[in-house]
Amino acid sequence: MSAPWVAGDVRAVAMARRIVGIAGVRRIADSACLSDALSLLATSPYSRDMGDVHDLTAAQRAVACTLLWNLRVLAGWAPPAGVVMFRIVAGWYEIANIEARLRSDDPEIRERPYDVGGLA
């Protein structure tokens, strides 16, 4: 295994230690109300993009943004051959951005490539 692959693997293992886990996901899903779930997310590794989130759609977007950030970090540590895998995984974000741009009536959103709602 080459040094870039080892570096990517070390970074992936470090990131994997900072997961919510099955028990954490169940606690969030079993929350009595959205504000309780948001409080749990705010103390999790997903807090990076939670900011001032007060509704389900914004919370879902924040979690997706954090996932995309982690994919970008891992892709940065991976060798060029490994980046192809991350591009495939991140394809959903490209599709979501294109759909949002096509549906938007806001000319500012239509003109900002790859930046719809902070997903990319």
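What you see is a predicted model; the values in this text were computed from it and never measured. (Residues numbered from 1 in each chain as written. Predicted model: local features only at pLDDT ≥ 70, side-chain atom pairs only at ≥ 80, totals over all residues. Heavy atoms only, no water.)

(A) View of the side chain of Ser44. Tracing the sequence through the fold places Ser44 in the loop between helix 3 (34-42) and helix 4 (56-77). Only 2.6 Å separates the side chain of Ser44 from the backbone oxygen of Leu41, close enough to count as a polar contact. (Helix = DSSP H or I, 4+ residues; strand = E, 2+ residues; numbered from the N terminus. Polar contact = N/O pair within 3.5 Å; in protein donor to acceptor, adjacent residues only side chain to side chain.)

(B) Just the environment of Leu74, in detail. Following the sequence through the fold, Leu74 ends up in helix 4. In this structure Leu74 comes out as buried when scored by relative accessible area, which is 16%. Residue contacts for Leu74: discarding those within four places in its chain leaves Gly8, Arg11, Ala12, Met15 and Phe86. (Buried < 20%, exposed > 50% of the residue type's maximum accessible area, 1.4 Å probe, protein only. Contact = heavy atoms within 4.5 Å.)

(C) Representation of the packing of aromatic side chains. Taken as a whole, this structure holds 1 aromatic pair when the rule is applied. Judged by centre distance (4.8 Å) and plane angle (85°), the ring pair of Trp92 and Tyr93 falls under edge-to-face. Given a relative accessible area of 5%, Tyr93 falls into the buried group. Across the ring face of Trp69, the terminal group of Arg48 is positioned such that the distance to the ring centre comes to 4.2 Å. (Phe/Tyr/Trp six-rings, centres within 6.5 Å; stacked < 30°, edge-to-face > 60°. Lys NZ or Arg CZ within 6 Å of the ring centre and 35° of its normal.)

(D) Structural detail: the layout of surface pockets. There is about 350 Å³ of room inside the largest pocket. Considering the residues around the largest pocket, the lining is formed by 16 residues, among which Met15, Arg18, Pro45, Thr66 and Asn70 are closest to the centre. Per element, the largest residue contribution to the lining of the largest pocket is 6 residues, and it comes from helix 4. Here the lining of the largest pocket is built from residues that sort into 11 nonpolar, 2 polar and 3 charged. (1 Å grid on protein atoms, 1.4 Å probe; cavity = no way out; pocket = protein on both sides within 12 Å on 5 of 7 lines; lining within 4 Å. Points joined across faces, edges and corners; volume = space filled by probe spheres on them. Nonpolar A, V, L, I, M, F, W, Y, C, P; charged D, E, K, R; others polar.)

(E) Examining the nonpolar core more closely. With 11 residues, the main nonpolar core is built from Met15, Ala64, Leu68, Leu71, Val73, Leu74, Ala75, Ala78, Phe86, Ala90 and Tyr93. A total of 6 residues in this core trace back to one element, the largest contributor, which is helix 4. Listed in part, the 8 residues of the second largest apolar core include Ala37, Leu38, Val53 and Ala62. (Core = buried A, V, L, I, M, F, W, Y, C linked by side-chain atoms within 4.5 Å.)

(F) Spatial organisation of the packing of helix 4 against helix 5 (residues 80-89). Relative to each other, helix 4 and helix 5 sit at 165°, their axes nearing to 8 Å. Taken together, the axes of helix 4 and helix 5 are roughly antiparallel relative to one another. The handedness of the crossing between helix 4 and helix 5 comes out as left-handed. Across the interface between the two elements, Leu71, Leu74 and Ala75 of helix 4 pack against Val83, Phe86 and Val89 of helix 5. (Axes fitted to C-alpha atoms, helices over the stretch in contact; angles between N-to-C directions. Parallel < 35°, antiparallel > 145°, perpendicular 65-115°, else oblique. Left-handed = near helix turned anticlockwise from the far one by under 90°.)

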